[in-house]
Every structure is written in structure tokens, then in C-alpha cells.
Amino acid sequence: MARGRQIVERRPEERRTDERRAGAEATEQIVSESRTDRLRIRAAWMYFVEQMTQNEIADVLGVGRVTIVRMLAEARSRNEVKITIESELLEIVRLERALEKTFGLQQALVAPLTAASADPIPAIAAKTGMFLSDAMKSGMQVGVGWGNTLFHTLPFISAKSLTDFKVISLLGGVGVARRVNPAEFAWRFAQIFQGDGYLMPTPAVVDSVETKIALIERCGLQEVFEMADALDAVLLSVGGIASATTFSRGGFLREADREALLARGAVGDLLFHFYDRNGDLVDHPVNNHVMSVDVDRLRKAPIRILTSGGAEKTDALLGAMNLIAPTILITDEESARRILAAVSES
């Protein structure tokens, strides 16, 4: 019994030794945790702020890449890392509000770009696709144009079944099978919403006004044009004509046409309707020979969506603001800045 008490009730100097050892161990644990915390925060700083790769961080900190991956995951789980894009969003919102006030839009949607020189089409297409996913409703009758931007919106539109949903192609173009074709876009757009597609099975441009009238009155196209008088929405893009490489519009127009249009002040086209910077149609035969719904019909639609952008389309976008008076504009941030600056300068 006495021996048991001797084990439990140690001498004072023994108790002090044990306490010092326990204190040292606790201190070591605290120091270890502090070092781990600092290392984790340093890794997070290097990765999220300095944009270093995980391998580069591992080399600097002298640990393995797997350790860095674990540290970054722990930093996120502890809410030590909070990623914010507030400054970018504020600038985007500022641009959207400026566009709405300047052009009298119901809504402007501006897509951010990774760099000023980046191709704007993917960003605009994504923004447009997401907007259309919510904007399209059952019972709507929607007229659609064509173009590279519109074609690239298709993967970003959420498929859903809409009842009594009609899609009307506003421009001819059937002839040569191409991916970017008015008929192809209209049909695929209708399929996304399981709606009915109404196409215009004619060339985009015919040889005379007489041919145009004959096709409309005698070849069953009258129904399509009549439907265009009762559209709930139109979805359009504009084309620029400054570059010869993007002007041919599927081979329907020649370089001589482009030069003649430029000489008359044309800056772009909407459904092959060529117009100047003020939004007035230019005096050229193509505007009478095009197989597309006329601008006056398009302006009757209560929702007029214009989606486009790019450095070569600044004047085309400015002219389209007057020509079609869109209610919704979807573009990229650099295009937004350019057209706002152009208005300010003028």
C-alpha cells in the first residue's frame, strides 16, 4: 500500500519535471499547428493571388505537390479563401446600365472577356444561350436570323419542351449545305424547345424583284411572311462588311458588291439588309433582291434581341441601334466600350 502511494504521490521535483515535459509538448503542438497554418496560408496566397502553379508552390515551400493540393482544399473548407469578382461585376453592370440609358434598351447583357484581344464570339454566345434558356416560353412565335454568333449559342441553350412554340426563319439560304446556314440554325433552335420550325426554302438573294414576288406569291412563302407580322420576339445578329473574308455571306455576294456597298456608306447588314451608320438602308439592288423579312415587320415584335460584337462591328452595331431599335442587346465588354465611346465622340 505504501509503495502504491509512492507511485501516485511523487515527489515535488518529479511533478515539476512532468509538468515541464507536458508544457513543452503542448507548446510544440501549438508551434506545429501555427507553422502548418502559415504554410497553408502562404500556399493559398501563392496560388490564388500570385497565380503560381501547384508545382511551383511545392518547390518554393519544399513540400510535395500532393501536400499543396491538400492545403488548398483545407484552406477553402476553412473559408480562409474567398474568391471575389466584385470589381469585374461592378464594371460589367456599369457598362450594361450605360448601354440601357444611351440606347433606350429594356436590358443590356455584357459578357466579360479574359483579355481585350480575345475572340468575343464564345463569350457572347454563352451569354445569349443562357438568356434564351429563360426567355423562351410556351406559346411564343419567334423569328430568327443567322450568323456565326447565333450558331454558337446553341450549345449554351438549355433544352426544354415548350407547347405551341414556333420558330420562323427570317431569311432564305437553302442551297449549299453549310454549318452556319439560316435554315440550319432555325431548325436546330426549334428542336431545342421541341417546337415547330418554319423555313424559307429559297436562296438568300435572288436575281430580281420579280423573282422575289413570284416566290412569295406562287411558291408557298406567303405564310412565312404573314407569320412574321405576329412575332412575339426576333433573335438577330449583325454582320460587318469591312473585311472581305467575312463578307461573302455563304457565297451569295461578290467582292464587287462589297465595294459598291461601302461606296454608298454601308457599315453592316441585318438579314442582308445593308444599312449605314445612321441605320438607314443604302441604295443598292441587294436590298430589293434579298429573300428576308423586311425591317418594318421586324420592328413590330415586342421583344427584339440583338446579339453581336467584335472590333469590326462597331459601326454595324451603332447603325443597328437605329435600324431595328433592339429591346435587348447582348455583346461583350470591349464592344460595349467601343460603341459607348463612339456615341460620346459623336
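Let us look at the structure shown here. (Residues numbered from 1 in each chain as written. Predicted model: local features only at pLDDT ≥ 70, side-chain atom pairs only at ≥ 80, totals over all residues. Heavy atoms only, no water.)

1. Structural notes on the overall build of the chain
What counts is decided by this rule: Helix and strand definitions here come from DSSP, where helices need a minimum of 4 consecutive H or I residues and strands a minimum of 2 consecutive E residues; each element is numbered from the N-terminal end. Note on exposure labels: buried denotes an accessible area under 20% of the residue type's maximum, exposed denotes more than 50%, and partly exposed covers the range between, all computed with a 1.4 Å probe on protein chains only. In this analysis, two residues are considered to be in contact whenever any of their non-hydrogen atoms come within 4.5 Å of each other. Exposure was quantified through the Shrake-Rupley algorithm and a 1.4 Å probe, taking into account, for residues, occlusion by the shown protein chains and nothing else.
Scanning the chain from terminus to terminus reveals 15 helices and 10 strands. Going through the 346 residues of the chain one by one, you find that 45% of them count as buried. Taking the contacts inside the chain whose residues are at least 6 apart along the sequence as the reference set, 69% of them involve residues at least 24 apart. Accessible surface, the chain as shown: approximately 18,300 Å² in total, 51% of it carbon and sulfur.

2. What about the side chain of Ser-308?
Going by this rule: Counting of polar contacts relies on pairs of N or O atoms within 3.5 Å, with two restrictions inside protein: one atom must be capable of donating a hydrogen and the other of accepting it, and residues adjacent in sequence are counted only when both atoms are side-chain atoms.
Mapped onto the elements, Ser-308 comes out in the loop between β9 (303–307) and α14 (314–323). Under the relative-accessibility criterion, Ser-308 is labelled buried at 0%. At 3.4 Å, the side chain of Ser-308 forms a polar contact with the backbone oxygen of Val-238.

3. Quick notes on the sheet that holds strand β8 (residues 273–275)
Worth spelling out the cut-off: Strands were regarded as paired on the criterion that DSSP finds at least two bridges between them. Axis definition: a line fit to C-alpha positions, over the contact stretch in the case of helices; interaxial angles, taken between N-to-C directions, run 0 to 180 degrees.
With antiparallel pairing, three strands are arranged side by side in an open sheet as β6-β7-β8. Whereas interior strands pair on both sides, the edge strands pair on one side only; in this sheet they are β6 (239–240) and β8. The pairing of β6 with strand β7 (residues 268–270) spans two bridges and is antiparallel. Within the sheet, the bridge partner assigned to Gly-240 lies in β7 and is Gly-268. The sheet contacts of α14 involve β6, β7 and β8, and relative to β8 the element is tilted by about 110 degrees.

4. Brief notes about the pairing of strand β2 (residues 141–144)
Counted only if it meets this: Handedness of a crossover: with both strands directed away from the viewer, a clockwise path from the first strand across the helix to the second marks it as right-handed.
Judged by which residues are buried, β2 turns out to be covered on both faces: Gln-141 and Gly-143 on one side and Val-142 and Val-144 on the other are all buried. Where β2 and strand β3 (residues 166–169) come together, four bridges link them in parallel fashion. Opposite Gly-143, over in β3, you have Ile-168 as the bridge partner. Following the chain from β2 across helix α7 (residues 148–153) to the adjacent parallel β3, one finds a crossover that is right-handed. Inspection of the sheet shows β2 paired to strand β5 (residues 233–236) by three bridges, in the parallel sense. Bridge assignment links Gly-143 to a residue of β5, and that residue is Val-234.

5. With respect to α14
For α14, a buried count of eight out of 10 residues is recorded, marking the element as mostly surrounded by other parts of the structure. All of the buried residues along α14 are Thr-314, Ala-316, Leu-317, Leu-318, Gly-319, Ala-320, Met-321 and Leu-323. At the C-terminal side of α14, Ala-325 shows a positive phi close to 45 degrees.

6. A word on the sheet that holds strand β1 (residues 107–111)
One open sheet holds the seven strands; their spatial order is β1-β10-β9-β5-β2-β3-β4, and the pairing between them is parallel. The open sheet has two edge strands with one neighbour each: β1 and β4 (196–198). For this sheet, the mean inter-axis angle between neighbouring strands, taken without regard to orientation, is 15 degrees. Taken strand by strand, helix α6 (residues 120–135) contacts β1, β5, β9 and β10 (328–332), and its axis lies near 150 degrees from that of β10. Against the sheet, helix α15 (residues 333–345) engages β1 and β10, with an angle of about 110 degrees to β10.

7. Quick look at the packing of helix α3 (residues 54–61) against helix α4 (residues 65–77)
Keep this limit in mind: Relative orientations are named as follows: roughly parallel for angles under 35 degrees, roughly antiparallel for angles over 145 degrees, roughly perpendicular for angles from 65 to 115 degrees, and oblique for any other angle. Asp, Glu, Lys and Arg are counted as charged, while Ala, Val, Leu, Ile, Met, Phe, Trp, Tyr, Cys and Pro are counted as nonpolar; the rest, among them Gly, fall into the polar class.
The interhelical angle for the contact between α3 and α4, taken along N-to-C directions, is 105 degrees, at an axis separation of 8 Å. In terms of orientation, α3 and α4 fall into the roughly perpendicular class. Where α3 abuts α4, its residues Gln-54, Asn-55, Ile-57, Ala-58 and Leu-61 lie against Arg-65, Ile-68, Val-69 and Leu-72. When grouped by side-chain class, the residues that make up the contact of α3 with α4 number six nonpolar, two polar and one charged.

8. Regarding unusual backbone geometry
Its identity as a non-glycine residue notwithstanding, Gln-194 has a phi of 55 degrees, on the positive side. Position of Gln-194 relative to the elements: it lies in the loop between α8 (182–192) and β4. Relative accessible area serves as the criterion here: at 56%, Gln-194 is assigned to the exposed category.

9. Topic: the packing of aromatic side chains
Inclusion rule: Two rings belonging to Phe, Tyr or Trp (six-membered ring only in the last case) form a pair when the distance between their centres is within 6.5 Å. Interplanar angles under 30 degrees mark stacking, angles over 60 mark edge-to-face geometry, and anything in between is tilted.
Across all of its chains, the model carries seven aromatic pairs by this definition. With a centroid separation of 5.0 Å and an interplanar angle of 90 degrees, the aromatic rings of Tyr-47 and Phe-48 are classed as edge-to-face. The class of Tyr-47 is partly exposed, set by a relative accessible area of 28%. Within the aromatic cluster, the residues linked to one another by ring pairs are Phe-165, Phe-185, Phe-189 and Phe-193.

10. Quick look at the environment of His-152
Inspection of the secondary structure assignment puts His-152 in helix α7. For the pair formed by His-152 and Ala-125, sequence separation is 27 residues and the distance between their alpha carbons is 5.6 Å.

11. So, the pattern of salt bridges
Note the cut-off: Salt bridges are counted wherever a side-chain nitrogen of Lys or Arg sits within 4 Å of a carboxyl oxygen of Asp or Glu.
Under the criterion given, the structure shown has 16 salt bridges. Taking the shortest distance from any N to any O, the salt bridge between Glu-184 and Arg-188 comes out at 3.9 Å. In this pair, Glu-184 and Arg-188 both sit in helix α8, four residues apart, roughly one turn of the helix. Residue Glu-184 is classed as partly exposed on the basis of its relative accessible area, which comes to 32%. Arg-297 is the partner of Asp-229 in a salt bridge, and the nearest nitrogen-oxygen pair spans 2.9 Å. Note that Asp-229 is positioned in the loop between α10 (222–227) and β5 and Arg-297 in helix α13 (residues 295–298), a separation of 68 residues in sequence. Note on Asp-229: relative accessible area 33%, which makes it partly exposed.

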